[in-house]
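Each chain, written out:
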Amino acid sequence: MLSALATLLAPPAAAHAAEPGDTLTLPVRDAMAALPVHDEDRTGYERTKFRHWIDADRDGCSTRNEVLLDEAVTAPEQGASCQLTGGSWYSTYDDTYFTAARSLDIDHLVPLAEAWDSGASAWTPKEREAYANDLGDDRALIAVSAASNRSKSDQDPATWQPPAAGYRCTYATDWVAIKTRWRLSIDPAEQAALTSILDSCPNSPVDVTLAH
């Protein structure tokens, strides 16, 4: 079964590989086991190589504000140029509520540097822009406290996990889903950490629509 999954998740040029837009549904441990395992390489990485917080639909709201609007527990008021006032949000990383948008960062669940290390270094600028502004999967970008996001920085689950222990199964599952969605690899330490976390979590099915 895993060999078949690995074929589905192979790079687009591979024979019989799934295409962007195809949806896969499989248990999270199988999805994790199907990810390619490679050492990481950060050579040449610069954050500016991932153009982010664009206004893709030209409605006046950047990607950051689109996520804030989507994830608000209490909807904020939306003013000119998508200025947000009021509202409330829940930061899953540290199990904390916030009532000011400025207290929140929009986190790339799989950080930009991690994506670079795991395959995005070979992408085109447009592909990296699509990754950095991925509103097509609500697991990719999440509103969290600035403190927790900056504590995490560009770390993977081998060196950082959310302070809210009750969220860790979801975090690892979503990490696997995003790596699957973008056909990114994992490194051996990351693989060991994900395996350790997921071994104590439900082997829940994940639905992933391939973006790359």
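Calculation notes
Residues numbered from 1 in each chain as written. Predicted model: local features only at pLDDT ≥ 70, side-chain atom pairs only at ≥ 80, totals over all residues. Heavy atoms only, no water. Disulfide = S-S within 2.5 Å. Helix = DSSP H or I, 4+ residues; strand = E, 2+ residues; numbered from the N terminus. Buried < 20%, exposed > 50% of the residue type's maximum accessible area, 1.4 Å probe, protein only. Core = buried A, V, L, I, M, F, W, Y, C linked by side-chain atoms within 4.5 Å. Contact = heavy atoms within 4.5 Å. Phe/Tyr/Trp six-rings, centres within 6.5 Å; stacked < 30°, edge-to-face > 60°. Pairing = 2+ DSSP bridges.

Q: Mind laying out the state of the cysteines, listing which residues take part and the relevant values?
A: Throughout the structure, instances matching the rule amount to two disulfides. Here Cys169 is linked by a disulfide to Cys201, with a sulfur-sulfur distance of 2.0 Å. Note on the Cys169 and Cys201 pair: the S-S dihedral is about -85 degrees, so by sign convention the disulfide is left-handed. Taken together, the residues Cys169 in helix H7 (residues 168-181) and Cys201 in the loop between helix H8 (188-198) and strand E8 (205-209) connect sequence positions 32 residues apart. Looking at Cys201, the relative accessible area reads 6%, which means it is buried.

Q: Quick one: what's the story with the nonpolar core, residue by residue and with numbers?
A: Membership of the largest hydrophobic core comes to 40 residues, with the highest contact counts inside it found for Phe50, Tyr93, Leu109, Tyr131 and Val176. Among the elements that take part in this core, H7 stands out by supplying six residues, more than any other. Not counting the four nearest positions on each side in its chain, Tyr93 is found in contact with Asp107, Leu109, Ile142, Val144, Ser148, Lys152, Trp160, Pro162, Pro163, Ala164, Tyr167 and Tyr171. Formed by 13 residues, the second largest nonpolar core is a distinct cluster that contains Cys61, Leu68, Cys82 and Ile106.

Q: Residue-level account of the packing of aromatic side chains, with values.
A: Inspection of every chain in the model, using the stated rule, returns 14 aromatic pairs. Centre to centre, the rings of Trp160 and Tyr171 are 5.7 Å apart; their planes meet at 75 degrees, and the pair counts as edge-to-face. Linking Trp160 in the loop between helix H6 (146-152) and H7 with Tyr171 in helix H7, this pair joins segments that are eleven residues apart in sequence. Of the two residues, Trp160 and Tyr171, neither departs from the other in class, the shared state being buried. An aromatic cluster is present here, built from Tyr45, Phe50, Trp116, Trp123, Tyr131 and Trp182 joined pairwise through their rings.

Q: I'd love a proper account of the environment of Glu71, names of residues and values included.
A: Along the polypeptide, Glu71 turns up in helix H3 (residues 63-71). Residue classification places Glu71 among the partly exposed residues on the basis of a relative accessible area of 25%.

Q: Now, about the pairing of E8: what can you tell me, with residues and values included?
A: Residues Val206 and Val208 of E8 are buried on one face, while the alternating residues Pro205, Asp207 and Thr209, pointing to the opposite face, are not. Bridge count for strand E1 (residues 23-27) against E8 is five bridges, and the pairing is antiparallel. By the bridge assignment, Leu24 is partnered in E8 with Val208.

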